[in-house]
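Observations on the three-dimensional arrangement
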Amino acid sequence: NAGVMQNPRHLVRRRGQEARLRCSPMKGHSHVYWYRQLPEEGLKFMVYLQKENIIDESGMPKERFSAEFPKEGPSILRIQQVVRGDSAAYFCASSLAGDNEQFFGPGTRLTVL
Amino acid sequence: EDQVTQSPEALRLQEGESSSLNCSYTVSGLRGLFWYRQDPGKGPEFLFTLYSAGEEKEKERLKATLTKKESFLHITAPKPEDSATYLCAVQAATGGYNKLIFGAGTRLAVHP
């Protein structure tokens, strides 16, 4: 049973470009969470999604960031007009139901030049 | 405000030297407390979930315990392969749906 998959593993963007991060949850999981880990900081919650619905986006910046989890295909975290401060590791997690354990993917490390 | 504090920030042990990591939390009703292990360049790996004070969980050399204000991760006779960052997270019963609130972690180094 494959775990949570994220791609790309590493992404380099120049300031002003767009970054698209993809996450495929574990088989059978319909709840997806995105977290950001800044250098030397802890993991911070960004957004919680179920299929075709955003449940909680309280941790996601209101400007430039968006997330989706379509009926078919992976969840996407999109960052428009990236700035250097967006450089971080972005982790996706999935769970069977809302209050079960969350299992994390390997992360996407975004570097903004 | 819901908050998780882990101590120490870093811990160096000799192989076989047992110790404990602390996780103190302030949360508006605890739904669950989670321990993860994170190796450099990788995602967090799930270890334990604790739900109520007095609960204990064990896995190999690791044992997690929970009180109303804190959790401990006890490491018995550690080996070099136990070296990692250990993360504690809580899930609040109100307001935050299912998000995890993480502490900054404890970096553990076990030397032969």
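Before reading further, recall that the structure is shown in the block above.
This report concerns the structure included in the present document. (Residues numbered from 1 in each chain as written. Chains lettered and ligands numbered in written order. Predicted model: local features only at pLDDT ≥ 70, side-chain atom pairs only at ≥ 80, totals over all residues. Heavy atoms only, no water.)

Residues and elements named next belong to chain A. Scanning all chains against the criterion turns up seven salt bridges over all chains. A salt bridge links R78 to E18; the shortest N-O distance between them is 2.9 Å. A residue pair is termed long-range when its members are at least 10 positions apart, and R78 in strand β8 (residues 75-79) and E18 in the loop between β2 (10-13) and β3 (19-24) qualify at 60 residues. By relative accessible area, R78 is classed as partly exposed at 27%. Members of the salt-bridge network, linked through shared partners, are E18, R20 and R78. (Salt bridge = Lys/Arg side-chain N within 4 Å of Asp/Glu carboxyl O. Helix = DSSP H or I, 4+ residues; strand = E, 2+ residues; numbered from the N terminus. Buried < 20%, exposed > 50% of the residue type's maximum accessible area, 1.4 Å probe, protein only.)

Now for the nonpolar core. Residues B:L33, B:W35, B:L73 and B:Y86 are the most contacted members of the largest nonpolar core, which totals 25 residues. Where this core is concerned, the elements lending two or more residues are β2 (10-14), β3 (19-26), β4 (30-38), β5 (45-50), β7 (62-66), β8 (70-75), β9 (84-92) and β11 (106-111) of chain B. Considering each element in turn, this core owes the most residues, five residues, to β9(B). Grouped together as the second largest cluster of nonpolar side chains are 23 residues, A:A19, A:V47, A:L77 and A:I79 included. (Core = buried A, V, L, I, M, F, W, Y, C linked by side-chain atoms within 4.5 Å.)

The interface is formed by 21 residues belonging to chain B together with 21 residues belonging to chain A. Carbon and sulfur atoms supply 55% of the area buried between chain B and chain A, which totals about 1,600 Å² over both sides. Among the residues chain B hides against chain A, the three largest losses belong to B:N98, B:K99 and B:F102. Together they make up 28% of the total. On the surface where chain B and chain A come into contact, there are zero salt bridges. (Contact = heavy atoms within 4.5 Å. Buried area = accessible area lost by both parts, 1.4 Å probe.)

Bringing the sheet that holds strand β7 (residues 65-68) of chain A into the picture now. Residue and element names in this part refer to chain A. The strand order across the open sheet built from four strands is β1-β3-β8-β7, with neighbouring strands paired in antiparallel fashion. What marks the edges here is a single partner per strand, and that holds for β1 (5-7) and β7. Neighbour to neighbour, the strand axes of the sheet diverge by 15° on average, direction disregarded. (Pairing = 2+ DSSP bridges. Axes fitted to C-alpha atoms, helices over the stretch in contact; angles between N-to-C directions.)

Now for the side chain of B:Q38. Among the secondary structure elements, B:Q38 is positioned in strand β4. Once residues within four sequence positions are removed from consideration, B:Q38 is found in contact with A:Q37, A:F91, B:G43, B:P44, B:A84, B:T85 and B:L87.

All names here are of chain B. Taken in spatial order, the five strands make up an open sheet running β1-β3-β8-β7-β6, and their pairing is antiparallel. Pairing within the sheet leaves two strands with one partner each, and these edge strands are β1 (3-7) and β6 (56-59). Averaged over all pairs of adjacent strands, the angle between strand axes in this sheet comes to 15°, irrespective of strand direction. Bridge count for β3 against β8 is six bridges, and the pairing is antiparallel.

It is worth spelling out unusual backbone geometry at this point. Here the bond from A:N7 into A:P8 is cis, since omega is -5°, no more than 30 degrees from zero. Looking at the secondary structure, you find A:P8 in the loop between β1 and β2. Residue B:S7 is joined to B:P8 through a cis peptide bond whose omega torsion reads -10°. Here B:P8 lies in the loop between β1 and β2.

All names here are of chain A. With respect to the helices and strands, S75 occurs in strand β8. A polar contact of 3.0 Å, which involves the side chain of S75, links it to the side chain of W34. The contacts of S75, once residues within four sequence positions are left out, are L21, R22, C23, V32, W34, L49, E68 and F69. (Polar contact = N/O pair within 3.5 Å; in protein donor to acceptor, adjacent residues only side chain to side chain.)

Residue and element names in this part refer to chain A. Looking at where E41 falls in the secondary structure, it is placed in the loop between β4 (31-37) and β5 (43-50). Of the residues examined, E41 reaches a relative accessible area of 40% and is grouped as partly exposed. It is 11 Å that separates the C-alpha atoms of E41 and A89, two residues lying 48 residues apart in sequence.

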